[in-house]
Amino acid sequence: MLEAYSYVAMLYCKNAELDALRNLDNAIKPQFLPILGIGPGQFNDLTNTIEKDKEATLNLRVALTLDEAKFGKSKKQPARDQFDALFRPTNGFAEYYSLVNDWGAAIPTLRSISGIYENPSEQIANARALDRGLLVHVRRHEYAHFVEILERGSFDDVDCAFAVDAEWSVDVLQAEAWMSSAITRITGTIPEAEIICLSSSFPKGFGHIGSKGVFSNDDRELFDRLQRRHNAARLTYGDWGSTRASEETIANRPRPRVDIPTQREWISFRQEDKDGSGYIGQAKKARLDSVWATLPECWGKRLVELTALERPIRIRGTQSANSARINLHLTTQSMAGTMDVIPEEPFVDNF
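About the thresholds
- Residue numbers restart at each chain and count upward from 1, following the sequence in its written direction.
- A pLDDT threshold of at least 70 governs which residues receive local features in this predicted model, and a stricter bar of 80 or more applies before side-chain atom pairs are shown or counted, although totals over entire chains, interfaces and linings include all residues.
- By convention in this description, side-chain values take in all heavy atoms of the structure and omit both hydrogens and water.
- Salt bridges are defined as contacts in which a side-chain nitrogen from Lys or Arg sits within 4 Å of a carboxyl oxygen from Asp or Glu.
- Each helix is a run of H or I in the DSSP string that is no shorter than four residues. Each strand is a run of E no shorter than two, and both are numbered from the N terminus.
- Each residue gets one of three labels from its accessible area relative to the maximum for its type: buried under 20%, exposed over 50%, partly exposed in between, using a 1.4 Å probe on protein chains only.
- How far a helix is expected to stretch is found by multiplying one less than its residue total by 1.5 Å.
- The definition of a polar contact used here is a pair of N or O atoms within 3.5 Å, where within protein one atom must be able to donate a hydrogen and the other to accept one, and adjacent residues in sequence count solely through side-chain atom pairs.
- In this tally, Asp and Glu contribute negative charge and Lys and Arg positive charge; neither His nor the terminal groups of the chain are included.
- Contacts between residues were defined by any pair of non-hydrogen atoms, one from each residue, lying within 4.5 Å.
- When the centres of two rings from Phe, Tyr and Trp lie within 6.5 Å, Trp using its six-membered ring, the rings pair. Their planes under 30 degrees apart give stacked, over 60 give edge-to-face, and anything left gives tilted.
- The pairing criterion is simple: DSSP has to find at least two bridges between the two strands.
- The handedness rule is simple: strands pointing away from the viewer, and a clockwise path from the first strand over the helix to the second, make the crossover right-handed.

So what's going on with the pattern of salt bridges? Which residues, and what values?
Overall, the coordinates contain 26 salt bridges when judged by the stated rule. A salt bridge links Arg-225 to Glu-176, with the nearest nitrogen and oxygen atoms 3.3 Å apart. Here Glu-176 lies in helix α7 (residues 172-189) and Arg-225 lies in helix α8 (residues 218-229), a separation of 49 residues in the sequence. A salt bridge links Arg-257 to Asp-259; its shortest N-O distance comes to 2.8 Å. Taken individually, Arg-257 and Asp-259 each receive the classification buried, so the pair is uniform in this respect. Residues joined by salt bridges that share partners form a network here, namely Glu-68, Arg-111, Arg-139 and Glu-142.

As structure tokens, then:
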């Protein structure tokens, strides 16, 4: 099921993520698989939200999951009831699988509630009837129940892939230990299993960096470690697309910041006290930095450049800054196996 994909990203259907997907270059789409977490959205009717999500992912094959953090939270009616109905385990989550059926070639994900995969045999029957494969998203709080159904042989007769998700963490060693155990368990039961290694290490704070900060992409380091430990396993790199949990909110308006993702780092340019140059100033710093020449051409890079040039179409707030970063991150990680190796040069900090 994953043969064509070199990169998988877990993304929730927020405006910044949707803008990044909508503007993803067509050349990237065949090798990139998003796991899309659908929420109730801002419309009164869930149908309108689904149409918006579909439009943003045009010509992309997606695996569809549900944003559990939004269950019972929407203030819009009837969207709240329509969204919450997708969590009903009746007939193996029939309403959810009906949604997947109506979404092009979308891949269903095995549904769980409070860490329990409800009615797995009925769900697998629904996935088998769709004949598009099945993604099994394995998170720590669901792991014990997952092991139970894995050892019952529940996945023996369905084309499925397993997404082992360490979620957000800065502790690479702890994440590695848990993910390695899960990979061993899966391959011990299904030696030929396709396994996506998912994690998120995007920074939570930027207040300490001054005008420029460099953060290690620990997700790549984690994947490298797992590949070395499980060199016979069929592993695919995945992350959260340089995002964090969907329910996370920002209490205060952040200072203007432009983030530049590379394959193994995030480089952040942030407005300092008494600067006042806003996003334009941060984009100019990014464009003058030595990292700029190493970036692949894509919509996210172009948006930063237009901002530096002070054009009408530019970054004007947190949402568009996030969209540029996510789009550039998705492009860079999708191209990780095909990008030319750039000779290393001595690091020069221009700031």
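Tell me what's going on with α8, and back it up with residues and numbers.
With 12 residues, α8 should reach 16 Å at 1.5 Å per residue; the first-to-last C-alpha distance of 17 Å fits that figure. The set of residues buried in α8 consists of Asp-219, Arg-220, Leu-222, Phe-223, Asp-224 and Leu-226. The backbone nitrogen of Asp-219 lies 3.0 Å from a side-chain oxygen of the residue at the head of α8, namely Asn-217.

Account for the side chain of Asp-239, with residues named and values stated.
Residue placement: Asp-239 occurs in strand β9 (residues 234-239). No salt bridge is formed by the buried Asp-239. Its closest oppositely charged neighbour is Arg-220, at 6.2 Å. Here the side chain of Asp-239 touches His-329 through a polar contact of 2.9 Å, side chain to side chain. Excluding residues that lie within four positions of it along the chain, Asp-239 makes contacts with Tyr-7, Val-8, Ala-9, Met-10, Cys-197, Leu-198, Ser-199, Asp-219, His-329 and Gln-333.

Got a sec to walk through the packing of aromatic side chains? Specific residues and values, please.
Evaluated as defined, the whole model comprises 15 aromatic pairs. Geometrically, the ring pair formed by Phe-155 and Phe-162 is edge-to-face, given 5.4 Å between the ring centres and 85 degrees between the ring planes. Assessed through its relative accessible area of 1%, Phe-162 is described here as buried. Through a chain of ring-to-ring contacts, three or more aromatic side chains come together here, namely Tyr-143, Phe-146, Phe-155, Phe-162 and Trp-178.

Any chance you could break down the pairing of strand β11 (residues 265-270) for me, citing the residues and the numbers?
Summarising burial for β11: five of the six residues are buried, a large majority. Judged from the five bridges that link them, strand β8 (residues 212-216) and β11 form a sheet pairing that is antiparallel. Across the sheet, residue Ser-216 finds its bridge partner in β11, namely Glu-265. The antiparallel hairpin formed by strand β10 (residues 257-261) and β11 contains three residues in its connecting segment.

How would you summarise the pairing of strand β7 (residues 194-200) if you had to cite specific residues and measurements?
Within β7, seven of the seven residues are buried, which leaves the element mostly enclosed by the surrounding structure. Alternating residues of β7 divide into Glu-194, Ile-196, Leu-198 and Ser-200 and Ile-195, Cys-197 and Ser-199, and every residue in both groups is buried. On the question of chirality, the crossover connecting strand β6 (residues 160-168) to the parallel β7 by way of α7 is right-handed. Taken together, the four bridges between β7 and β9 define a ladder with parallel strand orientation. Looking across to β9, one finds that Glu-194 is bridged to Arg-234.

For the sheet that holds strand β3 (residues 63-66), give the residues involved together with the corresponding values.
Read from one edge of the open sheet, eight strands run β4-β3-β2-β1-β9-β7-β6-β5, paired in parallel fashion. Two strands bound the open sheet, and with one partner strand each, they are β4 (107-108) and β5 (134-139). As paired strands, strand β1 (residues 7-12) and β9 are joined by two bridges and run parallel to one another. From the neighbouring strand, Val-8 faces β9, where its bridge partner is Gly-238.

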